[in-house]
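Understanding the architecture of this molecule
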Amino acid sequence: MAKKRPASCLELDVEIVRGPSPGPGRSAFVACNNLVWTVAFPAGKTPEDSIAEQTRKALKALDDRLAQAGTDKSRMLEATVFVKEMSMKEEMDSVWREWVPEGCGVSRACVAADLAPGDLVEMKVTAAANPKVAIVRGPAPGPGRSAFVSCNNLVWTVAFPAGKTPEDSVAKQTRKALK
C-alpha cells in the first residue's frame, strides 16, 4: 500500500524560494522556475494621499521587493493593478507610465476592488528572475504596456473589448474582447 504524503508545499520536486515574511502566512516574494511573484501596496500611506501618491509608494515597495528577489522592474512580465474605483485608473496610470522603463511594457490589467481601509491601490506582479532568460514583448497598446509578454515558454496577455459601448451586454463585450 502506498504511503500517503502530507499536503506540504515543501515536498515538491522544484525549488521554491520565499522572501522574508511581512506577516504570518505571507512572503515578500515567491520565486520558482526563473519566475518571481510579489505584491505591493502603499506602505506609509496617509489619509491625505491621492491615488497618484499611493501609486508612487506602492511602486517604491514593488521596486524594493523585486530587488530582494534579485530582479527589477525591467524584468516584469505581467501585472494586475487593483484600484479602489475605476474612476482612479487614469491618475494611477499616469504614474505607472512614468515608472515603467522604455521598452519594458507589461501585460497589465486594472481592476476595481474593495481594498483594505485607506488603500486606493494594490499591485500583483510576475517577473523573470534570471537575467539570462529571454523576454519577448509584443506591440505596445500604450506606454508601459505590451499586447503580450512571453518568457519560459509561457505567454501573458490581456484582452479588452475594443469598440465597446455603455449599452453592450457582458456577453457582447466578451465577444468583442475575444476577436
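Description of the structure in this document. Note that the structure is a prediction, hence the values are computed from the model and not measured. Position numbers for residues count from 1 along each chain, tracking the sequence in the order it is written. In keeping with the predicted nature of the model, local features appear solely for residues at pLDDT of at least 70, side-chain atom pairs appear and are counted solely at 80 or more, and the whole-chain, interface and lining totals rest on all residues. Hydrogens and water molecules were not included; the side-chain quantities draw on all heavy atoms of the structure.

A word on the nonpolar core
We call a set of buried residues a nonpolar core when its members are Ala, Val, Leu, Ile, Met, Phe, Trp, Tyr or Cys and they connect through side-chain atoms within 4.5 Å of each other. Burial classification: accessible surface area is computed with a 1.4 Å probe over protein chains only, and a residue below 20% of its type maximum counts as buried, one above 50% as exposed, and the rest as partly exposed. Counting residues in hydrophobic clusters, the biggest one holds 26 residues, and the most contacted among them are Leu62, Met76, Met92, Trp96, Val121 and Met123. Labels follow the DSSP assignment, with helices taken as runs of H or I lasting at least four residues and strands as runs of E lasting at least two, numbered in each case from the N terminus. Every element with two or more residues in this core is listed here: α1 (51–68), β4 (76–83), α2 (89–99) and β6 (121–128). Among the elements that line this core, the one with the most residues is α1, at seven residues. The contact criterion used is simple: two residues touch if any of their non-hydrogen atoms lie within 4.5 Å. Among residues more than four places away in sequence, those in contact with tryptophan 96 are Leu59, Met76, Ala79, Val81, Val106, Arg108, Met123 and Gly144. Counting residues in each nonpolar core, the second largest holds seven residues, with Leu35, Leu77, Ala128 and Cys151 among its members.

A word on the pairing of strand β5 (residues 107–112)
Note on pairing: two strands pair once DSSP finds at least 2 bridges between them. One ladder, built from six bridges, connects β4 with β5; its direction is parallel. Following the sheet pairing, threonine 80 is matched in β5 by alanine 109. Seen with its strands pointing away from the viewer, a crossover is right-handed when the path leading from the first strand over the helix to the second is clockwise. Following the backbone out of β4, through α2 and into the adjacent parallel β5, one traces a crossover that is right-handed.

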